Amino acid sequence: MPTPVQPSASSIGSVVAQRVEDALSLIAPKWTTWSAQTLAQQGHPMRVRDVAAKLPFVSEQLVGKRLAQMHADGLVTRADDRHGAPYQLSAFGESLSPVHRALSDWSQTNLSLGKVAGAERVEDAVRRLHLRHSTAVIQVLDAGGPMRFVHIAEEAGLDNGFTRQRLNRLQVGGLVARTGPRHGDPYVLTDAGRALGPVYAAVEHWSNPVATQGRSAPAAPIRAATRTHTGVPPGSDGIRTAAALRRSAAAPSTLFSHAPQPQPRVPAAIIAQSAPSLGR
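So, here is what we can say about the structure in this document.

Cut-offs used in this document
Residues numbered from 1 in each chain as written. Predicted model: local features only at pLDDT ≥ 70, side-chain atom pairs only at ≥ 80, totals over all residues. Heavy atoms only, no water. Salt bridge = Lys/Arg side-chain N within 4 Å of Asp/Glu carboxyl O. Helix = DSSP H or I, 4+ residues; strand = E, 2+ residues; numbered from the N terminus. Buried < 20%, exposed > 50% of the residue type's maximum accessible area, 1.4 Å probe, protein only. Phe/Tyr/Trp six-rings, centres within 6.5 Å; stacked < 30°, edge-to-face > 60°. Lys NZ or Arg CZ within 6 Å of the ring centre and 35° of its normal. Lys, Arg positive; Asp, Glu negative; His and termini not counted. Polar contact = N/O pair within 3.5 Å; in protein donor to acceptor, adjacent residues only side chain to side chain. Expected span 1.5 Å × (residues − 1). Contact = heavy atoms within 4.5 Å. Axes fitted to C-alpha atoms, helices over the stretch in contact; angles between N-to-C directions. Parallel < 35°, antiparallel > 145°, perpendicular 65-115°, else oblique. Nonpolar A, V, L, I, M, F, W, Y, C, P; charged D, E, K, R; others polar.

Summed over the entire model, instances satisfying the criterion amount to 9 salt bridges. Put simply, Asp22 and Arg132 hold a salt bridge, and the shortest N to O gap is 2.5 Å. Of the two residues, Asp22 is situated in helix H1 (residues 17–27) and Arg132 in the loop between helix H7 (118–129) and helix H8 (134–144); the sequence distance between them amounts to 110 residues. Judged by relative accessible area, Asp22 falls into the buried class, the value being 5%. Notably, a salt bridge pairs Glu120 with Arg127, separated by 3.2 Å at the nearest N-O pair.

Structure follows, in structure tokens:
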């Protein structure tokens with residue numbers, strides 16, 4: 001059995017898991033990051049049709065629904081409620097930039113996605129992280145892994161069935177691996193999982209009412225996971241959508257595109273013994 005992983009010097013264990021997941025749930029719905037970065041890049045109020053024109057792979061109707069939800073969450077503002085009134089980022093929405101950067105940097109260093117637009121890289125990272133209790137499971141493993149799933153469930157205060165589901169999902173996301181091929185072998189964080197400290201810190205800071213009290217829209221309280229299951233699982237986008245995202249002319253700036261980085265950072269010994277299996 002591998003030597004137990006020592007708790008990292010990062011802030012994984014110090015963040016409030018529910019606050020992090022509540023904050024991630026605000027930006028988890030598909031196309032939220034694309035819409036926010038489009039508004040940030042243009043730097044002026046935009047009507048729905050104008051945002052949609054910058055995202056030719058998304059329907060105008062879907063862009064409208066996403067902006068309406070972002071407005072309800074306090075990420076964007078409107079001058080009035082007239083039909084067609086333009087949207088712009090609120091101060092709360094503008095303060096997302098460090099979160100997007102932390103997610104993008106973590107993804108580039110730790111995930112094998114190849115050359116993809118930066119906004120899609122951010123959304124992919126959020127989909128791996130935002131599900132309820134994922135942060136608690138990662139915190140438990142960061143503090144005491146390798147651990148069997150029953151001990152993880154006990155430490156996280158979750159039932160065994162739910163814990164196994166969450167561990168399976170985290171395996172698929174490349175954040176958790178098993179130390180061996182047998183059913184009861186312990187779980188451990190991958191390098192990608194252990195590197196999440198700066199991401200969690202950035203998300204928690206952004207969600208802190210004290211840190212964001214200057215936002216222009218009234219503070220929309222971070223709700224308890226109203227949309228924690230709305231994200232699309234990693235790898236489930238259609239082939240046409242994925243191709244459009246990679247070649248889109250709507251991604252001209254560093255907000256949207258980044259050069260590929262050497263990948264991945266999952267220990268080879270663990271990969272060889274612990275292929276993820278959703279059926280176990």
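Still more to cover.
A word on the packing of aromatic side chains. Counted according to the given criterion, the structure contains 4 aromatic pairs. Pairing Trp34 with Phe57 gives two aromatic rings, centres 5.0 Å apart and planes at 75°, and the pair type is edge-to-face. With Trp34 in helix H2 (residues 32–42) and Phe57 in the loop between helix H3 (48–54) and helix H4 (60–72), this residue pair connects regions lying 23 residues apart in the sequence. By relative accessible area, which is 0% here, Trp34 ends up buried. Their ring planes at 5° and their centres at 4.6 Å tell us that Phe92 and Trp206 sit as a pair that is stacked. Of this pair, Phe92 sits in helix H5 (residues 91–94) while Trp206 sits in helix H12 (residues 197–207), placing them 114 residues apart in sequence. On the basis of relative accessible area, Phe92 is assigned to the buried category, the value being 1%. Ring pairs connect the aromatic residues Trp31, Trp34 and Phe57, which therefore count as one cluster. Arg164 extends its terminal NZ or CZ atom over the ring of Phe149, reaching a point 3.7 Å from the ring centre.

This paragraph deals with the side chain of Arg178. When you line up the elements, Arg178 lands in strand S3 (residues 176–178). The side chain of Arg178 is buried and forms no salt bridge, while Asp185, the nearest opposite charge, is found at 6.0 Å. A polar contact is formed between the side chain of Arg178 and the backbone oxygen of Arg182, at a distance of 3.4 Å.

A few words on helix H10 (residues 160–172). Here H10 spans 18 Å end to end across 13 residues, near enough to the 18 Å set by a 1.5 Å rise per residue. By the burial criterion, the buried members of H10 are Thr163, Arg164, Arg166, Leu167, Asn168, Leu170 and Gln171. Buried residues belonging to H10 abut H7, H8, helix H9 (149–156), S3 and strand S4 (187–189). The N-capping residue of H10, defined by a side-chain oxygen 3.1 Å from the backbone nitrogen of Gly161, is Asp159. Downstream of H10 by a residue or two, Gly174 has a phi angle that is positive, lying close to 80°.

Here we take up the packing of H8 against H10. Contact geometry of H8 with H10 gives a least axis separation of 10 Å together with a crossing angle of 80°. With respect to their mutual orientation, H8 and H10 come out roughly perpendicular. Along its contact with H8, which presents Ser134, Val137, Ile138 and Leu141, the element H10 presents Arg166, Leu167 and Leu170. Partitioning the contact of H8 with H10 into residue classes produces 5 nonpolar, 1 polar and 1 charged.

Interaxial distance between helix H6 (residues 97–110) and H7 falls to 9 Å at its minimum, and their mutual angle equals 85°. If you check the angle between H6 and H7, you find them roughly perpendicular. Residues His100, Leu103, Ser104, Trp106, Ser107 and Gln108 of H6 pack against Arg121, Val122, Ala125, Val126, Arg128 and Leu129 of H7. Class assignment for the residues of the contact of H6 with H7 results in 6 nonpolar, 4 polar and 2 charged.

Here we take up the environment of Thr33. Residue position: Thr33 is located in helix H2. For the pair Thr33 and Ala119, spaced 86 residues apart in the sequence, the C-alpha separation amounts to 5.9 Å. Leave out the neighbours within four places in its chain, and Thr33 touches Ile27, His100, Ala119, Val122 and Glu123.

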